[in-house]
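Residue-level structure breakdown
The primary structure of each chain is shown beneath.
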Amino acid sequence: MASTRRNGQLSSCEPCRKSKLRCDHSSPICTRCVRRGKSDSCVYHPAPLTRPRNLRRSHKGGRTSSKVSVRSFNYEYDWVNLAPSAAVHRVGPDRPNGAKRSLSNPGFLGLTSYSGVFPEHAGLIEPSIGQPTDLLTQDQTLSALATTLVGSRQLELGAQVLSLLDHLSLYEEILEKRFAVFEGWIIGPPIVRNIIKSLRDLSENRARGPGDGESGLLGLSKILFKNTAAPIETNPTMMAPDYVSVAAPRWDTISFLLSAMGTATYQIPQDDKLLQQDTLPGGDREGLRRLAVAASDVCLQFCDSLGIISDPMCWATIQQTAFYSHMHGSGDYRTWKKLGDITTIVFALGLHQSEVDENAPFFLAEIRKRAMAGAYIFDKEIATFLGRPPRILWRHCNIQYPLDLSYDEVVAEPTVRNAIIQKLDSNGWNIEGSRDKGALPRILLMLAPVREEILELSLNYEVDGLEGRVQKLSEESSLMRQKLPSFLNWDPDKGDMTLLSVHLEFLYQDLLLFKTLFKRTGKGEEYLVKTSSEILTVLLDMVSRLARSGKVVSSLIWELCYIGVPAAGVLSSQLLRRSRLQPSQPTSLLSSAQFPRSEIIQNLSVFAAHLGGLLWQENGNYEVYKKGQMAIRDVLDRVLSDDPARASTDAGVSPDLEVDFMEFWDSFDWEQEIRFSFS
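Report on the accompanying structure. (Residues numbered from 1 in each chain as written. Predicted model: local features only at pLDDT ≥ 70, side-chain atom pairs only at ≥ 80, totals over all residues. Heavy atoms only, no water.)

1. Examining the overall build of the protein chain
Scanning the protein chain for helices and strands turns up 27 helices and zero strands. Counting across all 679 residues of the protein chain, residues that qualify as buried make up 52%. If you sum the accessible surface of the protein chain, you get close to 31,700 Å²; carbon and sulfur atoms cover 50% of it. (Helix = DSSP H or I, 4+ residues; strand = E, 2+ residues; numbered from the N terminus. Buried < 20%, exposed > 50% of the residue type's maximum accessible area, 1.4 Å probe, protein only. Areas by Shrake-Rupley, 256 points an atom, 1.4 Å probe, with all protein chains shown as cover.)

2. Structural notes on the nonpolar core
Core analysis: the biggest nonpolar cluster contains 170 residues, and Ile 191 and Trp 251 have the highest contact counts within it. Among residues more than four places away in sequence, those in contact with Trp 251 are Gly 158, Val 161, Leu 162, Ser 221, Leu 224, Phe 225, Thr 228, Cys 299, Phe 302 and Cys 303. (Core = buried A, V, L, I, M, F, W, Y, C linked by side-chain atoms within 4.5 Å. Contact = heavy atoms within 4.5 Å.)

3. Some details on a negative patch on the surface
On the surface, Glu 453, Glu 456, Glu 475 and Glu 476 cluster together into a patch of negative charge. When residues of the negative patch are traced back to their parent elements, those giving at least two are α19 (439–459) and α20 (466–482). Among the structural elements, Glu 475 can be located in helix α20. The exposure class assigned to Glu 475 is partly exposed, which follows from its relative accessible area of 48%. (Patch = residues over 30% accessible without salt bridge, like charges linked within 9 Å, V, L, I, M, F, W, Y side chains within 5 Å. Salt bridge = Lys/Arg side-chain N within 4 Å of Asp/Glu carboxyl O. Lys, Arg positive; Asp, Glu negative; His and termini not counted. Charge placed at Lys NZ, Arg CZ, Asp CG, Glu CD.)

4. Examining the pattern of salt bridges
This structure, assessed with the given rule, holds 20 salt bridges. Among the salt bridges present, the one from Glu 366 reaches Lys 369, with a minimum N-O distance of 3.9 Å. Placement of the pair is Glu 366 and Lys 369 together in helix α16 (residues 362–386), with a separation of three residues, close to one helical turn. Overall, Glu 366 belongs to the buried group, its relative accessible area being 1%. Its relative accessible area of 29% is what places Lys 369 among the partly exposed residues. When salt bridges with common partners are traced through the structure, they connect Asp 311, Asp 357 and Arg 368 into a single cluster.

5. Structural notes on the packing of aromatic side chains
Applying the stated rule across the entire model yields nine aromatic pairs. The interplanar angle of 75° and the centroid separation of 5.7 Å between the aromatic rings of Tyr 243 and Phe 363 together place this pair among those described as edge-to-face. One end of the pair, Tyr 243, is in helix α11 (residues 240–247); the other, Phe 363, is in helix α16, with 120 residues separating them in the sequence. Residue classification places Tyr 243 among the buried residues on the basis of a relative accessible area of 2%. Here Arg 442 stacks its cationic end above the ring of Trp 429, 4.2 Å away from the centre of that ring. (Phe/Tyr/Trp six-rings, centres within 6.5 Å; stacked < 30°, edge-to-face > 60°. Lys NZ or Arg CZ within 6 Å of the ring centre and 35° of its normal.)

6. With respect to helix α8 (residues 168–181)
For α8, spanning 14 residues, the distance from its first C-alpha to its last is 20 Å, which sits close to the expected 20 Å at 1.5 Å a residue. Considered for burial, the residues of α8 that qualify are Leu 168, Leu 170, Tyr 171, Ile 174, Leu 175, Arg 178 and Phe 179. (Expected span 1.5 Å × (residues − 1).)

7. What about the environment of Phe 487?
Checked against the element boundaries, Phe 487 lands in the loop between α20 and α21 (497–521). Residue Phe 487 is classed as buried on the basis of its relative accessible area, which comes to 13%. For the pair Phe 487 and Gly 433, spaced 54 residues apart in sequence, the C-alpha to C-alpha distance is 5.5 Å. Every residue in contact with Phe 487, bar those within four places of it in the chain, is listed here: Asp 404, Asn 430, Gly 433, Ser 434, Arg 435 and Leu 499.

8. Quick word on the side chain of Glu 452
As for its placement among the helices and strands, Glu 452 is situated in helix α19. When sequence neighbours within four positions are dropped, the list of residues in contact with Glu 452 reads Tyr 376, Lys 380, Pro 390, Ile 392, Leu 393 and Trp 394.

9. Comments concerning the packing of helix α13 (residues 285–306) against helix α14 (residues 311–327)
Helix-helix packing: each pair is described by the crossing angle between the helix axes and the interaxial distance. Running from N to C, α13 and α14 cross one another at 145°; their axes reach a closest spacing of 11 Å. Considering how the two elements wind past one another, α13 and α14 form a crossing that is left-handed. Contact residues: Arg 289, Arg 290, Ala 292, Val 293, Ser 296, Asp 297, Leu 300, Cys 303 and Asp 304 in α13; Met 313, Ala 316, Thr 317, Gln 320, Phe 323, Tyr 324 and Met 327 in α14. Residue composition of the contact of α13 with α14, grouped by class: nine nonpolar, three polar and four charged. (Axes fitted to C-alpha atoms, helices over the stretch in contact; angles between N-to-C directions. Left-handed = near helix turned anticlockwise from the far one by under 90°. Nonpolar A, V, L, I, M, F, W, Y, C, P; charged D, E, K, R; others polar.)

In structure tokens form, the structure reads like this:
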């Protein structure tokens, strides 16, 4: 942020100062640097014309080591463009020695851990190796230690991040528009609204306090470091607003809020006037997203530097992974790496075990169940997307099913909440027939272990007994569907989006199974084509219904990509193979009844049109699905043309590549998009 010089004028940022251009002193990035694409180097040096002091001297001849001085003092905050892949680079000459810290929370410790060997003597063993027996009793020690560990440069960087809270009203408006589309499941509207309220109160108190804005932000930054270092004390009777009032002024919570806001910019209509304003932080909506992802990443790096783990840090990590998948794409390495961070923190917090925390209030225990369920499902979806081994395995966990409650019911008063819980059936489903509470996430959690077994089949090249295993998993999935409450049964006449998502998830499960069987053994072609045709028919029917009503639900766009694109790929491959066969050639292809050619061509044409019209270029997976759309259209050109060579030329494909096209289709990876099922 711009500081005041000796003459009373505000200092310019480094790019403007060196270029001798007028700076408008905007914080954290000036408008000129945003326009010139120099956001990564826009920093306000506290003393730009001073030379660094040489503190270290060589033992030989007393000469100064210039190498040390440059490395110690030549710092620059480049967190906007380098984050989220880079760490906070330098914290200045007073950077503390992190090795001296001895109160870092080790997190969950299993039976084979150092403390699990002698559980009856844990109180004697742990202090001897520098670990406190009860971290909750160390609040004052941790906070005091955090004050000494944090350097002035970290405080300055924290103050820059906190300056973004001047736009809390904008973030609130964006999130409210997102709640109108999708409320979220792990962290819902009541918690988010309380976080915003607490941070607004904190900012107003800072504004009313003594000192200018800069000193106030530095003081607030110091407070947040102290709060973040201390564990959040809870008790069974604590209510959600009381918990949030303690958890809000922390770096992990601010990281969650910024990630949630950034994700919401992808989930609300892109032509919304709110995202078209010229006064958005960062200059435009893309600049706003870059600021949000960079600042949220810096906040998590602050948490890492303090060596803490917490529930808000878990929320922030899950939310930031969703943000990455929208911004960079589900196939991007950064998204995959961030998924590893989710795995790390849920294991460290012990969310994968069913041990009851006696000090956790009901709402927090329920949020923890949802966080673990969300992490497990997210792991399976991205692993399926990339065709990689999953990180979280069902056999290593004891995951508890969250109750089928709305978020307002989760955070309700005990008397109200208990009355509602009494109305749930023995399996935790609501008996009112409401599909909008927690039905879909519970079903996704039911299907996730089956998805894990499908991944095991697809990654294992053993074909002996594969057909029997595929049939068994398909029967298990079908039986699972039959056991669902009656209000979740598929009814195409209702046009309900939750029912559509449930129906498509079960169809997609079969698609993955039979696709694996067909790729490995060449069997199951009829079931594969039948399932793919049904997926495309259901999706196009729903699009038609919504178009007639004058609205398109955002989640349907992700259904088209996540499930529709792989189904379209199967049907396109079949069409191409049939078109290349000569009438005299023997064939084992499906009959006309099993493969309705004209209907499939029509559905593929309409699907390709919707795929091009509903996706926007800013989405991280846009290029993946654009490639799929072009491939589908090229297949249709080849199939419908009397002269395949001419169709290839018209489509921009050289006739010399005709022979290679089937190889392209055999190896084409129909990637599936990750929907925003979880907040």
